[in-house]
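Each chain is listed here by its residues.
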Protein chains: 2
Amino acid sequence: MSTNENLLSIFALGGLNEIGKNMYAIEYANNIVIIDCGNKFPDESLLGIDLIIPDIAYLVENKDKIKALIVTHGHEDHIGGIPFFFKKLNVPVYATRFTLGLIEIKLKEHKLLRESELIEINPSSKLAFENMSVSFFKVTHSIPDCLGIVFHTPEGNIVHTGDFKFDLTPENNEHADIHKMAEIGKEGVLLLLSESTNAERPGLTPSEQMVGEHVEAAFMKAKRKIVFSTFASNISRVQQIVNAAQKTKRKLALLGRSMVNVVDVAIERGYLNVPEGMLISQHEINEWPPEKVAILCTGSQGEPFAALARLSTGNFRGVEILPDDMVVLAAGPIPGNERNVTRLVDNFFELGAKVIYGSGSTSGMHVSGHGYQEDLKLMLTLMKPKYFIPIHGEYRMLHHHRLLAESVGVEQGNTFIINNGDVVDIENSKARQTRTIPVGNIYIDGGNVGHVGEFVLRDRKQFAEDGMLIIVLTMSKVEGKLISEPETISRGFVDGDFSELRRDINQLTTQTITELQEANRNKWNGMKKQIKRAVQQYVYTNTKKKPMVVPILIEI
Amino acid sequence: MSTNENLLSIFALGGLNEIGKNMYAIEYANNIVIIDCGNKFPDESLLGIDLIIPDIAYLVENKDKIKALIVTHGHEDHIGGIPFFFKKLNVPVYATRFTLGLIEIKLKEHKLLRESELIEINPSSKLAFENMSVSFFKVTHSIPDCLGIVFHTPEGNIVHTGDFKFDLTPENNEHADIHKMAEIGKEGVLLLLSESTNAERPGLTPSEQMVGEHVEAAFMKAKRKIVFSTFASNISRVQQIVNAAQKTKRKLALLGRSMVNVVDVAIERGYLNVPEGMLISQHEINEWPPEKVAILCTGSQGEPFAALARLSTGNFRGVEILPDDMVVLAAGPIPGNERNVTRLVDNFFELGAKVIYGSGSTSGMHVSGHGYQEDLKLMLTLMKPKYFIPIHGEYRMLHHHRLLAESVGVEQGNTFIINNGDVVDIENSKARQTRTIPVGNIYIDGGNVGHVGEFVLRDRKQFAEDGMLIIVLTMSKVEGKLISEPETISRGFVDGDFSELRRDINQLTTQTITELQEANRNKWNGMKKQIKRAVQQYVYTNTKKKPMVVPILIEI
């Protein structure tokens, strides 16, 4: 990218003006180091799409420069794109022990584990690339083993916070290394990239400890079996549930593939302490009296095929929710999932269960893993950066984060609110926003043929609104004339009879073709466009609907 | 419905286990009185659907019994179904002056105003039907002129609360008549139907007065023009904005058709006091200095074509949002609208505006119109009903409302949590849940041909997920044989080339037809099913996608 060999450039391939698909890059003197490679879950307007990942065309073009992918932690919005990334670019991946465990699960599923180079690091690790060295510091978040990153360059130090909050009483000793952060700040930070998820929320994130107390209280109160649902990767929450189960002498069953996988990794790698004999399989649940059983399962976001949803509708084989069972949703709904979650809650109430749900502040069963305003200000104060790029957030979050930075001393004009693809260049320790590299979304819809692009999505949207009219024309190859009347078929348009409209469409089509042929415009592509236009206009005038119109030519 | 002439029956056609399309009915001795006729806005899974209204087939069958439609207040979920109702059933409508104003706007749009019988009532009105008389009491809500209803029957009194909260300091003297409620309770209530929207929320609803103070503070602080967005029908909020504009000597422009219409009705009928000369048209906005202008507009829910959304994207002709303008979203997002709303907020921040947004408790710009738990307990305490049906809410809300009723003395077993269509019969002053009448949803999608049913919706969903494969077969009428190769066309499936798969599908289709014909199974319907099944299975095995498969037969 750079014509100047010693230009230091920073940009994002995803994560700015959005929540999800985090991917940032630092480029210096022909070296690119990538930070994270996440995915994003689509909103409902992206019909049939399962995942969104960053378009990495720019990286593929510059693949010889790429030295490493460093992963800050194991959440989907930071690792979910890795298998797709690997299919195009095989570079060494650096991550902590727990994060690597989750990446390995993913690569195994995609049959990519054998050819990948995974390198374990810890907060004390140091990496050296040409002209750039990298060190780390531990941060607290809602998953174990999270890192912040320091890039030591000749221009100065660049810090990427990863996702973080400050929690002085976390579970399992997941303390942030505040002393090291203070040292980094003292040494001097030229540019800070800090996450912005909760930049709108005043105050300090509550501690995990608070949740622990509520979890224990729920276990004490439960008369029969108790079902907890949370994010599988939230090992602190899982540890709290294990602790409460131990105190109340309950066996614990895990439901849901990702829960089983992640807990396995956490136990095996030493991030979770489960007393021997506590875990039972789902088939053993009914062998114990209900007051001796706890269940931990996935699906707290109301995902329709996850364990919790199936329990709520009585569709989980072998496990039934009965009156006086307790169900706890120990994770707040992510914006967009509210309706799915409340539907589950309704179902559980109908089954007679006692349900504990709602945002963390009402249920006490959840605290955010992302720092609130005071946490963000503390990070900014520790790092004392000259320049600041708020990352990991939608525009209003980035905007509020800028105001926070200015409130603790970052100079006005030294904060860059940029978009994915916008490049901030640093030269002679001066930063400015310069060029833009190409970025975009890749839509993954779970299939394994072809590719879903804007084109297909547009068709899906139009059909979803008003359905489709298919007009089949049978023409003689030799004479180039209609052999029979056009035939119009509808799907997703209206129920029942629309024979009058169909007759009109057929007539209109015949007439359009005749007129075009008389004017000697016999090319099929041109005729197709004309037919589409004429029929669309006629249908809209008469029905106020805009179905997709698909003329099909059959030549005999 | 009743075989017993003196049976008193209560049921809902909409509003139970849902938010929206409220419609309840009281039937006694061959008289039916209907309460409200609302619509509901679809969630995003209902592709292309604009509105949902109750299926009134039962009422149409019993139309001779229907004496009246009484409307408690003018919100869409209580009046939005009326034009569609009127097309099938023309019965007298009773409502207060302001509510009638809003109903008239609706009927005018549907060209139904002339043939409808609209009767104005007020809280002192009394209606008499055979064997049943009706009286009213005033309640406070987020729209003027709201009613609760008392049905006086030989079995006892039945009370329907309408939507309400208690607010001792409302705007415009919209006080609830607590004294009358106390009298009704003293006289004796056999059955109470009370709304449940906020039954999950502890405490008492905050007063409108609180919002007034915040509105005034925002006007004081605004340096340039100020844009307020709220529900047009929330006349209290509009009055507060008018008052603040007056204090700060600003002109007020209304943007959005429904804002103009509703404010017109409110001024004309005396529910809103606007100083002479304050209102300006949207074309006059730029004639005044920005610090002398306020704008009141629709679209607080992020509706993509409403005034606020167009302002946020710079697409409102003649009005531009500039740095230091202030934008206030004076209505919390309804669940499901969060993403649309935050998108607007992001856009306004990008334009440099100061934006006040968020839930009422953070912004101070909104309070709910629906009573919290203490409001609901106060209503139950005033009415002292023997039996109780919680209405107007999803299951968990109804469930919590039952617990509240029991906490203030309603006997266990005397609360009925029922579904739309479930009938509670009262005989000898004893209530029990008995039969079920047919109910359902009617989907309106804005077009004017045909009807959108489950069938069309299913097609739209399948297409939206994975698109469609159309297979055209051209057969000879005489010989009943394929004239040429089948032709497969895709839409919404994948971008680009899938020629290999298409070739396989065409072959598979030919083979299926040949096999069926050899077995002498020549009927098109049977062949169609077989082709669909074979192709669907083949495509799923090879691509993990499930496109809709549509075989089309052309006979020459």
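Nothing here was measured: the structure is a model prediction, and the numbers come from that model.

1. Topic: the overall build of chain A
Reasoning step 1: Helix and strand content of chain A: 16 helices and 25 strands.
Reasoning step 2: Taken over the C-alpha atoms alone, chain A extends approximately 85 × 70 × 45 Å along its principal axes.
Reasoning step 3: As displayed, chain A offers around 23,000 Å² of accessible surface, 48% of which is attributable to carbon and sulfur atoms.
Reasoning step 4: Charge-centre separation for chain A: the mean point of 60 positive side chains lies 2 Å from the mean point of 68 negative side chains.

2. Side note on the UniProt feature "binding site: substrate" (unreviewed entry) in chain A
All names here are of chain A.
Reasoning step 1: Under the feature "binding site: substrate" (unreviewed entry), the UniProt entry names H366, V367, S368, G369 and H370.
Reasoning step 2: Secondary-structure assignment places S368 in the loop between α11 (360-363) and α12 (373-383).
Reasoning step 3: On the accessibility criterion, S368 (12% relative accessible area) is buried.
Reasoning step 4: If we skip the residues at most four places from it in the chain, S368 touches K165, N198, R201 and T205.
Reasoning step 5: Residue position: H370 is located in the loop between α11 and α12.
Reasoning step 6: Setting aside chain neighbours within four positions, we find H370 in contact with H141, D163, F164, K165, E195, T197, N198, T205 and H392.

3. Thoughts on the packing of α12(A) against helix α13 (residues 395-407) of chain A
Residue and element names in this part refer to chain A.
Reasoning step 1: The interhelical angle for the contact between α12 and α13, taken along N-to-C directions, is 50°, at an axis separation of 9 Å. Our classification of the angle between α12 and α13 gives oblique. As for how α12 packs across α13, the hand of that crossing is right-handed. Along its contact with α12, which presents Q373, L376, K377 and L380, the element α13 presents H401, L404, A405 and S407.

4. Describing helix α16 (residues 524-543) of chain A
All names here are of chain A.
Reasoning step 1: In this model, α16 (20 residues) spans 28 Å end to end at C-alpha, consistent with the 28 Å of a helix rising 1.5 Å per residue.
Reasoning step 2: Every buried residue of α16 is accounted for by M527, I531, V535, V539 and T543. The buried residues of α16 all sit within an arc of 85° when viewed along its axis, so they share a single face. Exposed and facing more than 90 degrees away from the buried side of α16 are N525, K529, R533, Q537 and T541.
Reasoning step 3: The inward-facing, buried residues of α16 abut β23 (468-475), α15 (499-518) and β25 (548-555).
Reasoning step 4: Immediately downstream of α16, the backbone of K544 shows phi near 60°, a positive value.

5. What to know about the interface of chain A and chain B
Reasoning step 1: Listed as interface residues are 63 residues of chain A and, on the opposing side, 65 residues of chain B.
Reasoning step 2: A buried area of about 5,400 Å², summed over both sides, lies between chain A and chain B, and 58% of it is on carbon and sulfur atoms.
Reasoning step 3: Taken together, the connections running from chain A to chain B amount to two salt bridges.
Reasoning step 4: The partner of A:R396 in a salt bridge is B:D346, and the shortest N-O contact between them spans 3.0 Å.
Reasoning step 5: For the side of chain A that touches chain B, the secondary structure elements donating two or more residues are α10 (338-350), α13, α14 (454-466), β23, β24 (487-491), α16 and β25 of chain A.
Reasoning step 6: Looking at the side of chain A that touches chain B, the element that brings in the most residues is α14(A), giving nine residues.
Reasoning step 7: Tallied by class, the residues present in the side of chain A that touches chain B amount to 24 nonpolar, 17 polar and 22 charged.

6. Focus: the nonpolar core
Reasoning step 1: B:L59, B:F85 and B:F228 are the most contacted members of the largest nonpolar core, which totals 85 residues.
Reasoning step 2: Here this core spans two domains, since at least three of its residues come from each of domain 1 (8-203 + 368-442) and domain 2 (208-361) of chain B.
Reasoning step 3: Not counting residues up to four positions away in its chain, the partners in contact with B:F228 are B:V215, B:A218, B:F219, B:I241, B:I295, B:L296, B:C297, B:V328, B:A330 and B:M365.
Reasoning step 4: Counting residues in each nonpolar core, the second largest holds 84 residues, with A:A25, A:I66, A:I226 and A:F388 among its members.

7. Let's talk about helix α7 (residues 235-247) of chain B
Residues and elements named next belong to chain B.
Reasoning step 1: With 13 residues, α7 ought to run about 18 Å at 1.5 Å a step, and its terminal C-alpha atoms sit 18 Å apart, in line with that.
Reasoning step 2: In terms of burial, α7 is a largely internal element, 10 of the 13 residues being buried.
Reasoning step 3: What α7 keeps buried is the set I235, S236, R237, V238, Q239, Q240, I241, V242, A244 and A245.
Reasoning step 4: Where α7 is buried, its residues touch α4 (97-109), α6 (208-221), β13 (226-229), β14 (251-255), α8 (257-268) and β16 (293-297).
Reasoning step 5: K249, located one to two residues past α7, shows a positive phi value of around 55°.

8. With respect to the pattern of salt bridges
Reasoning step 1: All told, the structure shown has 42 salt bridges over all chains when counted by the stated rule.
Reasoning step 2: A single network of salt bridges, built from pairs that share partners, joins A:K165, A:D167, A:E208 and A:R237.

9. What to know about unusual backbone geometry
Reasoning step 1: Located in the positive-phi region is A:D36, a residue other than glycine, with phi close to 70°.
Reasoning step 2: When you line up the elements, A:D36 lands in the loop between β3 (31-35) and β4 (51-54).
Reasoning step 3: Within the chain, B:N428 stands out as a residue other than glycine whose phi angle is a positive 50°.
Reasoning step 4: Relative to the helices and strands, B:N428 resides in the loop between β20 (422-427) and β21 (430-436).

10. A few points about the relation of the copies chain A and chain B
Reasoning step 1: Superposing chain A onto chain B takes a rotation of 180° combined with a translation of 0.1 Å along the rotation axis, leaving an RMSD of 0.2 Å. On this basis, the relationship between the two copies can be described by a two-fold rotation axis.
Reasoning step 2: Take the interface residues of chain A: 100% of them recur as interface residues in chain B, which is what a same-surface contact looks like.

How each quantity is defined
Residues numbered from 1 in each chain as written. Chains lettered and ligands numbered in written order. Predicted model: local features only at pLDDT ≥ 70, side-chain atom pairs only at ≥ 80, totals over all residues. Heavy atoms only, no water. Helix = DSSP H or I, 4+ residues; strand = E, 2+ residues; numbered from the N terminus. Areas by Shrake-Rupley, 256 points an atom, 1.4 Å probe, with all protein chains shown as cover. Lys, Arg positive; Asp, Glu negative; His and termini not counted. Charge placed at Lys NZ, Arg CZ, Asp CG, Glu CD. UniProt positions renumbered as here; feature names shortened; annotations may be inferred. Buried < 20%, exposed > 50% of the residue type's maximum accessible area, 1.4 Å probe, protein only. Contact = heavy atoms within 4.5 Å. Axes fitted to C-alpha atoms, helices over the stretch in contact; angles between N-to-C directions. Parallel < 35°, antiparallel > 145°, perpendicular 65-115°, else oblique. Left-handed = near helix turned anticlockwise from the far one by under 90°. Expected span 1.5 Å × (residues − 1). Arc of directions from axis to C-beta. Buried area = accessible area lost by both parts, 1.4 Å probe. Salt bridge = Lys/Arg side-chain N within 4 Å of Asp/Glu carboxyl O. Nonpolar A, V, L, I, M, F, W, Y, C, P; charged D, E, K, R; others polar. Core = buried A, V, L, I, M, F, W, Y, C linked by side-chain atoms within 4.5 Å. Domains from an automatic or database assignment. Least-squares fit on C-alpha atoms with pLDDT ≥ 70 in both.

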